[in-house]
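# Structural description and commentary
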Amino acid sequence: TLSSIGENSIHDFVSTIGTYHRGKIADIEVDTSSGAGSDIVADHFHLNCVSIIHLIRLMIPKLVRGASQILICTASLATLARSPYSLQSATKTAIKAFIDTLRIELKGDTRVMNIMPPSLDTRIFAKGGDFRSTDDYQPPSR
């Protein structure tokens, strides 16, 4: 657990948490049973943004001052406004803005990087209902 990790004891924190969504925002079904908006929207923001922010907040006191780094891996194309990826673009752009701001706040204490690799040949596209050809994408092991 995090409580067992001492303060100023971690050198590197790496996060690759994320989920993928394909579809126009108007086509996402709204959950009318709860009176709230769509669970898909809230769940996507929670996993792609809120959970990463909470994890980082918990890790900051445990990082070695002046000799640590936070590396967040997000999809590079996901930060561009593209249809039918509006939800994906919104969450990835939000976490990019957070990481850019965190870099300013932790300057001199902790190196903060947002790693944005190109598309890789993974199953994430098919899981999101996008059956594009990924033959030209690099394998994830490269």
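In what follows, the accompanying structure is described. Just so it is clear, the structure is predicted and the values come from calculations on it, not from any experiment. (Residues numbered from 1 in each chain as written. Predicted model: local features only at pLDDT ≥ 70, side-chain atom pairs only at ≥ 80, totals over all residues. Heavy atoms only, no water.)

Once that is clear, we can look at the environment of Met116. With respect to the helices and strands, the residue Met116 is situated in the loop between strand S3 (110–115) and helix H3 (124–127). What makes Met116 partly exposed here is its relative accessible area of 30%. Along the sequence, Met116 and Ile72 sit 44 residues apart, while their C-alpha atoms lie 8.5 Å from each other. (Helix = DSSP H or I, 4+ residues; strand = E, 2+ residues; numbered from the N terminus. Buried < 20%, exposed > 50% of the residue type's maximum accessible area, 1.4 Å probe, protein only.)

Our focus in this paragraph is the sheet that holds S3. Spatially, 3 strands are ordered S1-S2-S3 in an open sheet, and the strand pairing comes out parallel. The open sheet terminates on both sides in strands that have one partner only, identified here as strand S1 (12–15) and S3. Within this sheet the neighbouring strands show an average axis-to-axis angle of 10 degrees, counted without direction. Summarising the sheet, strand S2 (residues 68–73) and S3 pair through 6 bridges and their orientation is parallel. Note on S3: the bridge partner recorded for Ile72 is Asn114. (Pairing = 2+ DSSP bridges. Axes fitted to C-alpha atoms, helices over the stretch in contact; angles between N-to-C directions.)

Next up on the list: the pattern of salt bridges. Two side chains with opposite charge may pair up if their charged atoms get near one another. Enumeration over the complete set of coordinates arrives at 2 salt bridges. Where Lys96 meets Asp100, a salt bridge forms, and the shortest distance between an N and an O atom there is 2.7 Å. Here the residue Lys96 and the residue Asp100 both occupy positions in helix H2 (residues 86–105), the gap between them amounting to 4 residues, near one helical turn. Residue class for Asp100 comes out partly exposed when judged on its relative accessible area of 25%. (Salt bridge = Lys/Arg side-chain N within 4 Å of Asp/Glu carboxyl O.)

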